[in-house]
Amino acid sequence: MAQALRPNTAGSLFATDGKPHPLQDSLLAVTLVLGVTAFVTAMFHSLHLFSSWTGLVGILTGAYGQFVSETTRERFGLILGLGAAAVGFFLGMAHGGLFGGVIG
């Protein structure tokens, strides 16, 4: 029964099943970077184009990452990135949107 208590050190940093998940880890990293970028740039009114587009792409990559994720650690990071991307996207939309008031 002692083998059940050993930590799993093999595989990816985010994998808890001991197998590498390069696609899922890449989607996690991209989603986190886009989410943080969208969240930070949303604080500046003049960067609404950048924050809304990075937020939208972050939401899409995070959603696909959730669809193909295999471990809880991956899903946890994806939810953090998705949340930040969504906040950045919505604030960017409130400040001027995806096209900056060009359409409409």
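So, how was this worked out
Residues numbered from 1 in each chain as written. Predicted model: local features only at pLDDT ≥ 70, side-chain atom pairs only at ≥ 80, totals over all residues. Heavy atoms only, no water. Axes fitted to C-alpha atoms, helices over the stretch in contact; angles between N-to-C directions. Helix = DSSP H or I, 4+ residues; strand = E, 2+ residues; numbered from the N terminus. Parallel < 35°, antiparallel > 145°, perpendicular 65-115°, else oblique. Left-handed = near helix turned anticlockwise from the far one by under 90°. Contact = heavy atoms within 4.5 Å. Nonpolar A, V, L, I, M, F, W, Y, C, P; charged D, E, K, R; others polar. Buried < 20%, exposed > 50% of the residue type's maximum accessible area, 1.4 Å probe, protein only. Expected span 1.5 Å × (residues − 1). Phe/Tyr/Trp six-rings, centres within 6.5 Å; stacked < 30°, edge-to-face > 60°.

Enquirer: Just to check I follow, could you spell out the packing of helix α1 (residues 22-41) against helix α2 (residues 48-68) for this structure?
Expert: The angle between the axes and the distance between the axes are what describe a pair of packed helices. At a minimum axis separation of 8 Å, α1 and α2 run at an interaxial angle of 155°. Taken together, the axis directions place α1 and α2 in an arrangement best described as roughly antiparallel. α2 is crossed by α1, and the crossing has left-handed handedness. Along its contact with α1, which presents L23, Q24, L27, V30, T31, L34, T37, A38 and T41, the element α2 presents F50, S51, T54, G55, V57, G58, T61, G62, Y64, G65 and V68. Across the contact of α1 with α2, the residue classes break down as nine nonpolar, eleven polar and no charged.

Enquirer: Explain the environment of H45 to me, please; I cannot follow it from the model alone.
Expert: Tracing the chain through its elements places H45 in the loop between α1 and α2. With relative accessibility at 52%, the residue H45 sits in the exposed group. H45 sits 49 residues away from A94 along the chain, and the two C-alpha atoms are 9.4 Å apart.

Enquirer: Would you mind going over α2 with me for this structure?
Expert: Between its first and last C-alpha, α2 extends 30 Å over 21 residues, near the 30 Å set by a 1.5 Å rise per residue. Here α2 has its buried residues at H48, S51, S52, T54, G55, G58, T61, G62, G65 and V68. Next to the buried residues of α2 lie α1 and α3 (72-95).

Enquirer: How do you make sense of the packing of aromatic side chains when you look at a structure like this?
Expert: To describe a pair of aromatic rings, one takes the distance between the centres and the angle between the planes. Here the structure, examined in full by the defined rule, presents three aromatic pairs. The interplanar angle of 35° and the centroid separation of 6.4 Å between the aromatic rings of Y64 and F67 together place this pair among those described as tilted. With a gap of three residues between them, Y64 and F67 both fall in helix α2, about one helical turn apart. Look at Y64 and you get partly exposed, because its relative accessible area is 43%. A relative accessible area of 70% places F67 in the exposed class. Ring plane angle 55° and centroid distance 5.4 Å describe the contact between F89 and F90, whose orientation is recorded as tilted.

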